[in-house]
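Given next are the chains, with one letter for each unit.
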Amino acid sequence: MPLSQSDITSVLHETRKFPPPAEFSKRAHVKSLAEYKKIHRESVRNPQKFWGKIAKELHWFKQWKKVLEWKEPFAKWFAGGKTNLCFNCLDRHVNSWRRNKVAIIWEGEPGDVRNIPYASLHRQVCQFANVLKSLGVKKGDRIIIYMPLIPEAVFAMLACTRIGAVHSVIFGGFSSEAVKDRIHDSGATTVITADGGFRRGQAVGLKANVDKALRDCPGVKHVIVAQRTKEPIHMEPGRDHWWHELAENAGYECPAEPLDSEHPLFILYTSGSTGKPKGILHTTGGYMVSAYLTTKYVFDLREEDTYWCTADIGWVTGHTYSVYGALLNGATTVLYEGAPNHPAPDRFWQIIDKFGVTIFYTAPTAIRAFIKWGEQHVLKHSLKTLRLLGTVGEPINPEAWMWYYNVVGKKRCPIVDTWWQTETGTIMITPLPGAIPTKPGTATLPFFGIDPAVVNKEGREVPPNTGGYLVIRKPWPAMLRGLYGDPERYKKTYWSEIKGCYFTGDGARRDKDGYFWIMGRIDDVVNVSGHRIGTMEVESALVSHKDVAEAAVVARPDDLKGQALVAFVTLKGGITADGSLQEELRQHVAQEIGSLAKPDDIRFTDTLPKTRSGKIMRRLLREIASGQEVKGDTTTLEDFGVLAKLREEDE
Ligand code: PRX
């Protein structure tokens, strides 16, 4: 969409500040703001020197010639170098004292648990890599992984990277249509799936979706099926193979393939709320170095940590922070197959206490669900092993941040609010927990080697506390290398809006401390009486009311003001809206941020339409708010029932 001339008005005023606890800083990798600033300054002044030094902490079969070759918008990191991500995740540890350290603690939804040490993970990955080879899979082939969150999904990812096959993980909640589109776009030849998985107490089938998708995918020669639910499924002779049967004949030795640093690593389709999904392409060396470093510093990872990132491996967060970043650091990573509220809304807290989780990384959408379900579910558990909390995926409303800090973190745990994207590959703007004071609602300062800015349409930096466009001014190692098979769309989407910069698509402002406050997607900015405001800020004002759990604000056309604001509001458990609440909420917003941001309509709803990765689908709400029929792509919608309900409420 064309960028608007006028700046974005920021109306959020948040003044609370939380310095890192002294005890935390003392033991942290980066111990003070001054230390952070010094390293950051040097890393941005000379990124090649910085990243070259970090890369040497990992294993390379052959050293690179040049750290960066940059011909905008195409980057090559560590060109000429040869490495292997799987080798760095596994073999490095297996050849050390970590050999028998637990790599993965996995819990299935029914309560079954598997502890997998590095040595055993290594053997299972090698064995499965041999299975892939036995079916003729070669370096560069694209492989679809469409599985529940079971250890075999991780084995499959690592086995691909071991032999240089390019994986494309599709979230298990997607339909056969989504699977078909992604197979076509990627030209995949092999699909790895399972009979099904467990979700909210039910066995949910996956294989039938694959069968349906493959009716239109003649290029797929093999389907490998892991057994999870043991429900009956169709197996197509010649095409479909049981994982466990193929594994019986495969050996445990499979040397990791030395791959060019720029060898394609994975394609991940973004589940964006508009348009055709984009196949985001990442490559090996740069992604590896940055996944390793961000995990270590942002989560201040230590050998004895039990680290849990709750994302599914179908999202980039699951790729980078459940799997690769954690294993590169030799960490113990927790994976959980099922829903956060099965069998009861305290499942996550139960898991934290059961395994002694020390670092917990989740999404604002989950936090708002916990708020809605009520803090009594959290308070049933001690959570005393936790030392650090994280969030990612959306701007976190300051009140949700405070709830997370007080109720989950017991005022003891720093929160890292991490801003990044599928495209950026790794975390870009974030507090370092021992060094950077946090404020509720801001991702704070850039990570090492990252040079973001808030600019106007001409690319000039805007003054403090003025909204603008968030851009990145220098290439970084984990940046996407393109959109699979579509270099033009890559250039147009990311490199043509603002000259010489990567355009993130997000609005933001910086405060006087230089902190970045993300205001959401530019598409979500609304124009009320000539003021362009990010709807996220109005949502945060609503969420700061004691009765509100979640809010989504969109605009509908208005003759007088240009656009009017419509708020969809979910109340906390046990609270019902009486006649006066609507007006009370409007006044509350007026008080918090000024009457210009007062919603014109407030509608109460039990749930909001969200993508399967938990982002509110404001496009659909815009259509509902303006009384239009809901058009366009709804395949990423989590719960179709929501739309019908919202429309009923409309009538
Ligand atoms: O709008 C920003 C929001 O999520 C977008 C990226 O979404 P996706 O590619 O699905 O990746 C999510 C996981 C990395 C961003 O453009 N976003 C992500 N993290 C934050 C955020 N907005 C504000 N604060 C964050 N911490």
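Residues numbered from 1 in each chain as written. Predicted model: local features only at pLDDT ≥ 70, side-chain atom pairs only at ≥ 80, totals over all residues. Heavy atoms only, no water.

Comments concerning the pairing of strand 2 (residues 74-79)
Piece 1. The pairing of strand 1 (residues 66-71) with strand 2 spans five bridges and is classified as antiparallel. Directly across from Lys71, in strand 2, lies its bridge partner Phe74.
Piece 2. What sits between the antiparallel neighbours strand 1 and strand 2 is a turn of two residues. (Pairing = 2+ DSSP bridges. Helix = DSSP H or I, 4+ residues; strand = E, 2+ residues; numbered from the N terminus.)

Some words on the site of the ligand
Piece 1. Close to the ligand lie 16 residues, the nearest being Asp417, Thr418, Gln421, Thr422 and Asp506.
Piece 2. Asp417 is positioned such that a nitrogen or oxygen atom in its side chain is 2.7 Å from a nitrogen atom of the ligand.
Piece 3. In this structure, an oxygen atom belonging to the ligand sits 2.6 Å away from a side-chain N or O atom of Thr422.
Piece 4. Summarising the interface, the protein chains cover 90% of the accessible area of the ligand, which totals 540 Å² for the free molecule.
Piece 5. Among the elements of the structure, helix 11 (316-328) and strand 25 (516-521) are those that each provide at least two residues to the shell around the ligand.
Piece 6. Its residues assigned to classes, the shell around the ligand comprises six nonpolar, five polar and five charged. (Near = heavy atom within 4 Å. Polar contact = N/O pair within 3.5 Å; in protein donor to acceptor, adjacent residues only side chain to side chain. Areas by Shrake-Rupley, 256 points an atom, 1.4 Å probe, with all protein chains shown as cover. Nonpolar A, V, L, I, M, F, W, Y, C, P; charged D, E, K, R; others polar.)

Thoughts on the environment of Pro487
Piece 1. Tracing the chain through its elements places Pro487 in helix 16 (residues 487-495).
Piece 2. With 229 residues separating them in the primary sequence, Pro487 and Pro258 have C-alpha atoms 27 Å apart.

Re the sheet that holds strand 17 (residues 332-336)
Piece 1. Sheet architecture is open: seven strands sit in the order 5-4-17-16-18-19-20, paired in mixed fashion. One side of each edge strand has no neighbouring strand; the edge strands of this open sheet are strand 5 (113-117) and strand 20 (415-417). Between one strand axis and the next, the sheet turns through 20° on average, direction left out of account.
Piece 2. For strand 4 (residues 102-107) and strand 5, the ladder comprises five bridges, and the chain directions are antiparallel. For Val102, the partnering residue across the bridge sits in strand 5 and is Pro117. (Axes fitted to C-alpha atoms, helices over the stretch in contact; angles between N-to-C directions.)

Brief notes about unusual backbone geometry
Piece 1. For the peptide bond that leads from Glu72 to Pro73, omega is 0°, which places it in the cis range.
Piece 2. Assignment of secondary structure puts Pro73 in the loop between strand 1 and strand 2.
Piece 3. Of note, the amide linkage connecting His342 to Pro343 takes the cis form, showing an omega dihedral of -5°.
Piece 4. One can find Pro343 in the loop between strand 17 and helix 12 (347-355).

Some words on the packing of aromatic side chains
Piece 1. Under the definition given, this model contains 39 aromatic pairs.
Piece 2. An angle of 85° between the planes, with centres 6.1 Å apart, marks the rings of Phe171 and Phe174 as edge-to-face.
Piece 3. Ring geometry for Trp349 against Phe370: centres 4.7 Å apart, planes inclined by 65°, an arrangement best described as edge-to-face. Taken as a pair, Trp349 in helix 12 and Phe370 in helix 13 (residues 364-373) lie far apart in primary sequence, 21 residues in all.
Piece 4. In this structure an aromatic cluster arises from ring pairing among Trp70, Phe74, Trp476, Tyr490, Tyr494, Trp495 and Tyr502.
Piece 5. Above the plane of the ring of Tyr252 lies Arg123, whose end atom (NZ or CZ) is 4.5 Å from the centre.
Piece 6. Over the aromatic face of Phe174 sits the side chain of Arg182, whose NZ or CZ is 4.9 Å from the ring centroid. (Phe/Tyr/Trp six-rings, centres within 6.5 Å; stacked < 30°, edge-to-face > 60°. Lys NZ or Arg CZ within 6 Å of the ring centre and 35° of its normal.)

Comments concerning the packing of helix 3 (residues 47-55) against helix 10 (residues 284-298)
Piece 1. Direction vectors running N to C along helix 3 and helix 10 enclose 85°, while the axes themselves pass 10 Å from each other. Accordingly, the angle class assigned to the pair helix 3 and helix 10 is roughly perpendicular. On helix 10, the residues touching Phe50, Trp51, Ile54 and Ala55 of helix 3 are Val289, Ser290, Tyr292 and Leu293.
Piece 2. Tallied by class, the residues present in the contact of helix 3 with helix 10 amount to seven nonpolar, one polar and no charged. (Parallel < 35°, antiparallel > 145°, perpendicular 65-115°, else oblique. Contact = heavy atoms within 4.5 Å.)

As for the pattern of salt bridges
Piece 1. In the structure shown here, the tally under the stated rule is 47 salt bridges.
Piece 2. In this structure, Asp601 and Arg556 form a salt bridge, with 3.4 Å as the shortest nitrogen-oxygen distance. Here Arg556 lies in strand 28 (residues 548-558) and Asp601 lies in strand 30 (residues 601-604), a separation of 45 residues in the sequence.
Piece 3. One continuous salt-bridge network, built from bridges that share partners, spans Arg27, Asp300, Arg302, Glu304, Asp305 and Arg387. (Salt bridge = Lys/Arg side-chain N within 4 Å of Asp/Glu carboxyl O.)

A closer look at the sheet that holds strand 24 (residues 502-510)
Piece 1. The strand order across the open sheet built from four strands is 21-22-24-25, with neighbouring strands paired in antiparallel fashion. Strand pairing shows two members of the sheet lacking a second neighbour, strand 21 (452-455) and strand 25, which therefore form its edges. Strand-to-strand twist across the sheet, computed as the mean angle between neighbouring axes with direction ignored, equals 45°.
Piece 2. Of the pairings in the sheet, the one linking strand 24 to strand 25 comprises five bridges and is antiparallel in character. Of the residues in strand 25, the one forming a bridge with Gly507 is Gly520.

So, the domain arrangement of the protein chain
Piece 1. With domains assigned, the protein chain is organised as domain 1 (114-257) and domain 2 (529-650).
Piece 2. Placing the centre of domain 1 and that of domain 2 at their C-alpha centroids yields a distance of 40 Å. (Domains from an automatic or database assignment.)

A word on helix 2 (residues 33-45)
Piece 1. With 13 residues, helix 2 extends 18 Å from end C-alpha to end C-alpha; this agrees with the ideal 18 Å at 1.5 Å per step.
Piece 2. Buried within helix 2 are the following residues: Tyr36, His40, Ser43 and Val44. Here the buried residues of helix 2 occupy an arc of 90° about the axis, which is enough to place them on one side. Summarising the geometry of helix 2, the exposed residues directed more than 90 degrees from the buried face are Ala34 and Arg45.
Piece 3. Looking at the packing, one finds that the buried side of helix 2 touches helix 3. (Expected span 1.5 Å × (residues − 1). Buried < 20%, exposed > 50% of the residue type's maximum accessible area, 1.4 Å probe, protein only. Arc of directions from axis to C-beta.)

Observations regarding the packing of helix 4 (residues 85-94) against helix 5 (residues 118-134)
Piece 1. In contact at an axis separation of 9 Å, helix 4 and helix 5 are set at 130° when each is read in the N-to-C sense. Judged by the angle between their axes, helix 4 and helix 5 are oblique. Here the hand of the crossing between helix 4 and helix 5 comes out left-handed. When helix 4 is examined against helix 5, the residues Cys86, Cys89, Leu90, Asp91, His93 and Val94 are found in contact with a partner set consisting of Tyr118, Ala119, Leu121, His122 and Val125.
Piece 2. Across the contact of helix 4 with helix 5, the residue classes tally to eight nonpolar, two polar and one charged. (Left-handed = near helix turned anticlockwise from the far one by under 90°.)

Some points on helix 15 (residues 398-408)
Piece 1. Counting buried positions along helix 15 yields nine of 11 residues, so the element is predominantly enclosed.
Piece 2. Within helix 15, the full set of buried residues consists of Pro398, Ala400, Trp401, Met402, Trp403, Tyr404, Tyr405, Val407 and Val408.
Piece 3. Of the residues flanking the end of helix 15, it is Lys410, one or two places downstream, whose phi is positive at about 50°.

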